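# Examining the three-dimensional arrangement
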Amino acid sequence: MNWILLILGGLFETAFATCLGKAQETTGRESYFWWCGFALSLFMSMFLLYKAISVGSSPIPVGTAYAVWTGIGAVGGVVAGIFIFNEPATFWRMFFVFTLIASVVGLKSVSN
């Protein structure tokens, strides 16, 4: 269950980074919408990370949880950048994203 909370927290980290980018691109009422989404996503991301490291009979170690949480957020941020903000998807960029994914999966597999 804690791993599910951590993955959801990482997805909310992607959401708050995306909302922050959209808030900077927009003005007026639409900007306030994105700022509210940023605040809500930030809260949910931190709350789920906290729950993953502190709840249940087998909480995830802080170092592992933080690395996985930020890895999910980083990969999600790159994917959001490519699809939402039209950033380039170069070979080396994708190579290092896949390296990051492999590292996160490896870290999870060696954690207790």
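To start, this report covers the structure provided alongside it. All of these numbers come straight from a predicted model, not from anything done at the bench.

Our focus in this paragraph is the side chain of N2. Within the secondary structure, N2 sits in helix α1 (residues 2-25). For N2, a relative accessible area of 9% translates into the label buried. A distance of 3.1 Å separates a polar side-chain atom of N2 from the backbone oxygen of S58. When neighbours within four sequence positions are excluded, N2 is seen to be in contact with K51, A52, V55, S58, P59 and I60.

Running from amino to carboxyl end, helix α2 (residues 28-54) crosses helix α3 (residues 62-83) at an angle of 145 degrees, the nearest separation of the two axes being 10 Å. As for the relative orientation of α2 and α3, their crossing is right-handed in sense. On α3, the residues that touch S45, M46, L49 and I53 of α2 are V62, A65, Y66 and W69. Considering only residue class, the contact of α2 with α3 consists of seven nonpolar, one polar and no charged.

Next up on the list: the nonpolar core. Core analysis: the largest hydrophobic core is formed by 11 residues, namely L5, L6, L48, L49, A52, I60, A65, V68, W69, I72 and V104. Elements with a minimum of two residues in this core: α1, α2 and α3. A per-element tally of this core places α3 first, with four residues. Not counting the four nearest positions on each side in its chain, L6 is found in contact with L49, A52, I60, A65, V68, W69 and I72. Among the nonpolar cores identified, the runner-up in size contains five residues, and C19, A23, W34 and F38 belong to it.

To continue, consider the packing of α1 against α3. In contact at an axis separation of 8 Å, α1 and α3 are set at 40 degrees when each is read in the N-to-C sense. With respect to their mutual orientation, α1 and α3 come out oblique. Judged by the sense of rotation from one axis to the other, the crossing of α1 with α3 is right-handed. Of α3, the residues touching α1 (which contributes W3, L6, I7, G9, G10, L11, E13, T14 and T18) are T64, A65, V68, W69, T70, I72, G73, G76, G77 and A80.

Thresholds, definitions, all that
Residues numbered from 1 in each chain as written. Predicted model: local features only at pLDDT ≥ 70, side-chain atom pairs only at ≥ 80, totals over all residues. Heavy atoms only, no water. Helix = DSSP H or I, 4+ residues; strand = E, 2+ residues; numbered from the N terminus. Buried < 20%, exposed > 50% of the residue type's maximum accessible area, 1.4 Å probe, protein only. Polar contact = N/O pair within 3.5 Å; in protein donor to acceptor, adjacent residues only side chain to side chain. Contact = heavy atoms within 4.5 Å. Axes fitted to C-alpha atoms, helices over the stretch in contact; angles between N-to-C directions. Left-handed = near helix turned anticlockwise from the far one by under 90°. Nonpolar A, V, L, I, M, F, W, Y, C, P; charged D, E, K, R; others polar. Core = buried A, V, L, I, M, F, W, Y, C linked by side-chain atoms within 4.5 Å. Parallel < 35°, antiparallel > 145°, perpendicular 65-115°, else oblique.

So far we have only geometry, and geometry alone does not tell us how the molecule works.
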